[in-house]
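# Observations on the three-dimensional arrangement
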Amino acid sequence: MSGIPNCEPASPKDNCQRSNFRSQTVNQLSSDDKTIAVEEMFRRTAGTYSAAFRVPSGCPSGRRSMKWLSLWQLTLIGAFLTAPSLLVETAFAQQTKPNILFILADNVGYGDIGVYGGGELRGSPTPRIDQLAAEGLRLTQFLVEPSCTPSRAALMTGRYSIRSGLSLVAVAGTPFSLPENEITMAEMLRDAGYSTAIFGKWHLGAQGYSQPQNQGFDEFYGIPPGDTWDAFGMIRQGHQTKSADIPLDKGPHIVEAKRGEPLKLVKPYTEDVRRGIDWELVDHGVDFMTRQKAAGNPFFLYLPISRTHFPNLPSKRFEGASRIGQFGDSLMEGDAIVGSMLDAVKELGLEDNTIVVFASDNGPDGPGASRFGTDMPDMGTTGPYRGALGDVSEGAIRTAAVIRWPQRITPRSSHAMFSIMDFFPTLAHLAGGKVPDDRPIDGIDQSELLFGEDDSGRREHLLTFVGSGLVAVRWKQFRAYFVDVAPGRSGPGGATLMGGVGSSAAPMNGYPKVFNIESDPHEEHNIGEMYNWVLGPLLKAVGEYKATLVQSPNPPAANMTKF
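This write-up is about the structure you can find in this document. Predicted, not measured: the structure shown is a model, and the values here were computed from it.

### Some thoughts on the overall build of the chain
Along its length, the chain carries 14 helices and 17 strands. Long-range pairs, those at least 24 residues apart, make up 70% of the contacts in the chain between residues at least 6 apart in sequence.

### Focus: the sheet that holds strand E14 (residues 478-481)
Read from one edge of the open sheet, 4 strands run E12-E13-E14-E17, paired in antiparallel fashion. In this open sheet, the two strands that pair with only one neighbour each are strand E12 (461-466) and strand E17 (513-516). Averaged over all pairs of adjacent strands, the angle between strand axes in this sheet comes to 20 degrees, irrespective of strand direction.

### As for the packing of helix H5 (residues 127-135) against helix H10 (residues 326-347)
Relative placement of two packed helices is described by the angle separating their axes and the distance separating the axes. Here H5 crosses H10 at 55 degrees, and the two axes come no closer than 7 Å. As far as their axial angle goes, H10 and H5 are oblique. Residues Pro127, Arg128, Ile129 and Leu132 of H5 touch H10, and the partners they reach there are Asp335, Val338, Gly339, Leu342 and Asp343.

### Notes on the pattern of salt bridges
In total, this model carries 30 salt bridges according to the counting rule given. A salt bridge links Asp218 to Arg259; the shortest N-O distance between them is 4.0 Å. Residue Asp218 is found in the loop between strand E3 (195-200) and strand E4 (219-222), and its partner Arg259 is found in the loop between strand E5 (253-258) and strand E6 (264-268); the two are separated by 41 residues along the sequence. Across the salt bridge formed by Arg386 and Glu523, the nearest N and O atoms sit 3.4 Å from each other. Taken together, the residues Arg386 in the loop between strand E8 (354-360) and helix H11 (394-397) and Glu523 in the loop between E17 and helix H14 (535-548) connect sequence positions 137 residues apart.

### Notes on the packing of aromatic side chains
By the definition in use, this model includes 24 aromatic pairs. Plain terms: the ring middles of Tyr481 and Phe515 are 5.9 Å apart, the flat faces sit at 75 degrees to each other, and that makes the pair edge-to-face. A residue pair is termed long-range when its members are at least 10 positions apart, and Tyr481 in strand E14 and Phe515 in strand E17 qualify at 34 residues. Tyr481 sits in the buried class, given a relative accessible area of 4%. Sitting over the ring of Trp405, Arg408 keeps its end group 4.7 Å from the ring centre.

### As for the nonpolar core
Met185, Phe300 and Phe423 are the most contacted members of the largest nonpolar core, which totals 70 residues. Top contributing element to this core by residue count: helix H12 (residues 423-431), with 6 residues. Listed in part, the 49 residues of the second largest apolar core include Ile277, Val282, Phe299 and Met332.

### A look at the pairing of E14
Judged by which residues are buried, E14 turns out to be covered on both faces: Phe478 and Ala480 on one side and Arg479 and Tyr481 on the other are all buried. Summarising the sheet, strand E13 (residues 469-475) and E14 pair through 4 bridges and their orientation is antiparallel. In the sheet register, Ala472 faces E14, and the bridge partner there is Tyr481. Between E13 and E14, which follow one another and run antiparallel, lie 2 residues, and Lys476 among them has a positive phi close to 50 degrees.

### A look at the environment of Lys201
Examined against the element boundaries, Lys201 turns out to sit in the loop between E3 and E4. Here the alpha-carbon distance between Lys201 and Tyr221, two residues 20 residues apart in the chain, equals 8.7 Å. In this structure Lys201 touches Asp106, Cys148, Arg152, Ile223, Asp227, Thr228, Trp229, Pro304 and His309, once residues within four positions along its chain are discounted.

### Structural notes on helix H8 (residues 233-240)
Think of an α-helix as turning once every 3.6 residues; residues three or four places apart then point the same way. Of the residues making up H8, those classed as buried are Gly233, Ile235 and Gly238. Downstream of H8 by a residue or two, Lys242 has a phi angle that is positive, lying close to 60 degrees.

### What to know about helix H9 (residues 271-295)
In this model, H9 (25 residues) spans 37 Å end to end at C-alpha, consistent with the 36 Å of a helix rising 1.5 Å per residue. Approximately 50 degrees is the largest bend angle found in H9, and it occurs at Ile277. Where H9 terminates, the next one or two residues include Gly296, which has phi positive at roughly 75 degrees.

Cut-offs used in this document
Residues numbered from 1 in each chain as written. Predicted model: local features only at pLDDT ≥ 70, side-chain atom pairs only at ≥ 80, totals over all residues. Heavy atoms only, no water. Helix = DSSP H or I, 4+ residues; strand = E, 2+ residues; numbered from the N terminus. Contact = heavy atoms within 4.5 Å. Pairing = 2+ DSSP bridges. Axes fitted to C-alpha atoms, helices over the stretch in contact; angles between N-to-C directions. Parallel < 35°, antiparallel > 145°, perpendicular 65-115°, else oblique. Salt bridge = Lys/Arg side-chain N within 4 Å of Asp/Glu carboxyl O. Phe/Tyr/Trp six-rings, centres within 6.5 Å; stacked < 30°, edge-to-face > 60°. Buried < 20%, exposed > 50% of the residue type's maximum accessible area, 1.4 Å probe, protein only. Lys NZ or Arg CZ within 6 Å of the ring centre and 35° of its normal. Core = buried A, V, L, I, M, F, W, Y, C linked by side-chain atoms within 4.5 Å. Expected span 1.5 Å × (residues − 1). Bend = angle between axes of the 7 residues up to and from the residue.

Written as structure tokens, this is what we have:
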């Protein structure tokens, strides 16, 4: 009809292009901006369609078209009012694999961090970790192994440390080392497409096959893989006691390695280096994350820092920061280290798609590690629980842990049991990794707990080993001991108590001791006779473990006292 304006709407191709553009736009936004984007999308979409269906003057179907457009706009408004959550979920579903930043503190006790009853109340505030806890899932029943090497072996393998022969602390001069055939978390994640790095303390043995660059990590920088943070003291102690004369160039060194390469010596590990080592780790960590972002690679950054392992020598800027001496200074410095890493994640624009874990490997140092000549004990606190590093009671194996993943993990606290071994299968689930099926895996996938789908979690029991001995087991809130663990004694008449790694263990008279951790956190009242019915499920957990040894026997257990 000549003279009648074109009344055709925009073509389907034009509308499809607009839809694709909108989807790409939402996917490129951070989570904080997604709701705003949805609202803006409605305004633009409504305007676009209004223009597309605008009826020029004189169009015969004008009134019908305008009436239809009004109804369509109302429908559109209702759809967008109910659709934001769907659009946000769709955007998240299209994101890449989550990055993983795992910060492992050393010997931080359950009662040291502010949100666990410490912090400012102890004279050493921890605002950055407290804020992380407010933004993530705070675990109040995070359970580890009694000491450094066992906990780190359990974390890396998802298995009880005794299955790797690492149920005691690895000490220089002993053969304890992570077996070559173990599959580590780093190997699992690298196979899933991740770049991997560890900066800090490995402590799973000095053998070449056990070193991190041969166990799944692309990059390593830190102290010698068979040593811990006090290794630098051997030179001074040897001179002081006139027992050993170790030249500086023959003593412990900071080392580094790329995947599959031999270790390279960087510099002697001295007292001054120990004071500032964590900030070197931060620099390496930030550089690693920056490079992986530029390359578009998902990453697993394992940052096992030194705070608060004795001797707690703070850097110059943190000397005197707390009100309780060098331990408090070190704790506050550790908090600042965590904060620096969190700031870097945010500045790199990686916050929304990065799982951040902060945890401690075991309870705090005990009386055997308190420093001579200092004005205050160089040790943390277990809060309401009994025990210390190397011990097997609740205070040795219950520590702090926080997991943050914005928009995916709802901020809250959880009392569910969560073992350090559970990180392996849980992170495998979240990252698309494969859990080995050719060996017993003691960790449990706790992703449903993380996402709030099962607040009680999937773990009900946990075994505890020291050396070759199965010494204790938890089932729900009950804890049973199969040996009588007590502080060791030294000095005239045994007057000096030595807890933690100085504890001793005597045989029981056929019956385990049983304690209710909830009603009796100090484990003072043996209820084994009165609550004998709990022995059934406790011993069932032991039986299930023993059954796995038929097909998969453990290697020789770590031992330094029986030959």
